Every structure is written in structure tokens, then in C-alpha cells.
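What the coordinates show
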Amino acid sequence: MARIDLNADLGEGFGAWRLGDDEAMLDLVTSANLACGFHAGDPATLHRTCHAAAARDIRIGAQVGYRDLAGFGRRFIDIAAEDLYADVAYQIGALDALARIAGSSVTYVKPHGALYNTIIQHEAQADAVARAVRDVNADLPVLTLPRGVFGDRARELGLRVVTEAFADRAYREDGTLVPRGEPGAVLHDPAVVAARIPALSRTAESICVHGDSPGAVTLARAVRDALAANDIELAPFV
């Protein structure tokens, strides 16, 4: 039987501001990409979310991003490579400390938002992120699109690259994601999302459902049902 991971971006609340239903999503996914405080996620929120993930034996990933709370990490920042390197290393370490308190640890890294999309093509930033992951822990896999500069650089540095597909995002012909500002970039219909799963599961090792999307829990259930209907087992990639 084929196997695939299901991941979601979680822990993205901040203080009194809550985003998404992390508890419900943690009952559905196999890996949780947790914010690290730069684009979202305050320490207390991440502390609670790490405990909730650990209690369910869900893998914890560091979702590293630009230092951009106001823009939720969805704006490009022309940051110096060495500053980005330090920011990424800092975020991984901070989340790992909270995960270890909860009896778990950070087991992979996934860039967030604008950083994720930028390093598909931006060589200097891709190198900075990849080097930071390697220098913190060379055993940490990284999640990214099947093609792109970041994946290539990560492999050159000896990192395991896990290919990812997005259940709730539209794609361009070149395999990159349609920018969120364009019509149809984010998909909300569970039936439409479910119909894409057989094809997406053949192109990636992990499928993502965004935890902050409206109806995220319903979409995640639709993905799980579609995987089961196609005899694909849910299992973490690490």
C-alpha cells in the first residue's frame, strides 16, 4: 500500500488572537508545521501546541519565516543572507526547546509563506535557509516543492528533501503556486480538493492543508477520505 504524510500549518495564533482549530487539525494530520514566533505564534501558544502534538505522537516541524508579524510572513523581505541564516537557526532552536519540554522534538523544517515561495528561485536566500538547517541539525529533512533552487541547494548540502503538494492551493503551469492575491489561488470546496488528491499523491511525499483556511478541518477530512478511498495509507515521512 502506498503511504503519504498529511501536514498542516498550526500554532499560528498570537496572544489573545486565535487562528484556526489546532486541536481538531491535530486529530487529522500526521505532521504539524508549527510557527516559530516570527510570522505568528507566541511562546505560550507554541508551548501548548507542542504538548498537544506530542500527546498525539504527531511529528513537529519548525515553520520558519520572515520576521513579519504584521504581514503574517506573506511579504517578501530583502534580507541579507547572513541575517536570514541567523533568523532561521534561531527559530528552529526556539521551537525545539518547547518541543523537548513537551517530550518531543523538531523533526523537520518547512519555510513559511513568502519565504517558502521566494527560495524556490532566490539563490542567496535558498542557500541561507539550507545552511542554517544543516548547521543546526543535518538530520532534519526540509519540505519544499518538487522543483526549485532550495531543494537543489539542500540536497547539495546533504539534507533530505521531502517533496510537498498543496491540497488547497492552485498551481501555475511551471509547478509553482498561484500567488494568494490572484483569483482562485486558494481552494475551499472539499469536493474539488478531494478530486485532486490521487494526482497530487503521485507527485509528493507529503500533502499540506493550511490550518488557517476557512473550513480547514473539513478540507483535511476530505483529504483523508480521498486517500483512504485510493488505498493510500497516512504516515509521517520521518
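Residues numbered from 1 in each chain as written. Predicted model: local features only at pLDDT ≥ 70, side-chain atom pairs only at ≥ 80, totals over all residues. Heavy atoms only, no water.

The chain has the name LamB/YcsF family protein in an unreviewed UniProt entry, where Mycobacteroides immunogenum is given as its organism.

Some details on the layout of surface pockets
Of the voids in this model, the largest pocket is the one considered here, and its volume is about 430 Å³. The wall of the largest pocket is formed by 23 residues, among which G113, A114, N117, R169 and L177 lie closest to the centre. Of all the elements in the fold, those that place two or more residues in the lining of the largest pocket are strand 4 (106-111) and helix 4 (113-118). By residue class, the composition of the lining of the largest pocket is nine nonpolar, seven polar and seven charged. Empty space within the second largest pocket amounts to approximately 210 Å³. In terms of lining residues, the second largest pocket is bounded by G13, R18, L19, G20, D21, D22, E23, L26, T45, R48, T49 and A52. Broken down by secondary-structure element, the contributors of at least two residues to the lining of the second largest pocket are helix 1 (22-26) and helix 2 (43-55). Along the lines of polarity and charge, the residues of the lining of the second largest pocket split into three nonpolar, four polar and five charged. (1 Å grid on protein atoms, 1.4 Å probe; cavity = no way out; pocket = protein on both sides within 12 Å on 5 of 7 lines; lining within 4 Å. Points joined across faces, edges and corners; volume = space filled by probe spheres on them. Helix = DSSP H or I, 4+ residues; strand = E, 2+ residues; numbered from the N terminus. Nonpolar A, V, L, I, M, F, W, Y, C, P; charged D, E, K, R; others polar.)

Details of the packing of helix 5 (residues 123-136) against helix 6 (residues 149-156)
Close contact between helix 5 and helix 6 brings their axes to 9 Å; oriented N to C, the two are set at 45°. One way to sum up the angle between helix 5 and helix 6 is to call them oblique. Crossing geometry of helix 5 relative to helix 6 is assigned as right-handed. Residues E123, A126, D127, V129 and A130 of helix 5 touch helix 6, and the partners they reach there are V149, F150, R153 and A154. For the contact of helix 5 with helix 6, the per-class residue count stands at six nonpolar, no polar and three charged. (Axes fitted to C-alpha atoms, helices over the stretch in contact; angles between N-to-C directions. Parallel < 35°, antiparallel > 145°, perpendicular 65-115°, else oblique. Left-handed = near helix turned anticlockwise from the far one by under 90°. Contact = heavy atoms within 4.5 Å.)

Let's talk about unusual backbone geometry
One non-glycine residue, D57, lies in the positive phi region at around 60°. Locating D57 in the fold gives a position in the loop between helix 2 and strand 3 (59-64). Assessed through its relative accessible area of 57%, D57 is described here as exposed. The backbone of D231 shows a phi angle near 55°, a positive value even though the residue is not glycine. (Buried < 20%, exposed > 50% of the residue type's maximum accessible area, 1.4 Å probe, protein only.)

Focus: a nonpolar patch on the surface
A contiguous nonpolar patch, built from F14, W17 and L69 and spanning about 310 Å² of accessible area, is present on the exposed surface. In this structure, W17 sits in the loop between strand 1 (2-10) and helix 1. Here W17 falls in the partly exposed class, since its relative accessible area comes to 47%. (Patch = residues over 30% accessible without salt bridge, like charges linked within 9 Å, V, L, I, M, F, W, Y side chains within 5 Å. Areas by Shrake-Rupley, 256 points an atom, 1.4 Å probe, with all protein chains shown as cover. Salt bridge = Lys/Arg side-chain N within 4 Å of Asp/Glu carboxyl O.)

Observations concerning the state of the cysteines
Counted under the stated rule, the structure contains zero disulfides. With no disulfide partner, C36 has as its closest neighbouring cysteine sulfur the one in C50, 8.9 Å distant. (Disulfide = S-S within 2.5 Å.)

Quick notes on helix 7 (residues 190-201)
Spanning 12 residues, helix 7 covers 16 Å between terminal C-alpha atoms, matching the ideal 16 Å at 1.5 Å per step. Listed in full, the buried residues belonging to helix 7 are V193, R196, I197, L200 and S201. On an axial view of helix 7, the arc spanned by its buried residues comes to 135°, and they lie on one face. In helix 7, the exposed positions that point more than 90 degrees away from the buried face belong to A191 and A195. Against the buried residues of helix 7 lie strand 1, strand 6 (161-166), strand 7 (206-209), helix 8 (216-229) and strand 8 (232-234). A distance of 2.9 Å separates the backbone nitrogen of A191 from a side-chain oxygen at the start of helix 7, and that oxygen is part of D189. (Expected span 1.5 Å × (residues − 1). Arc of directions from axis to C-beta. Polar contact = N/O pair within 3.5 Å; in protein donor to acceptor, adjacent residues only side chain to side chain.)

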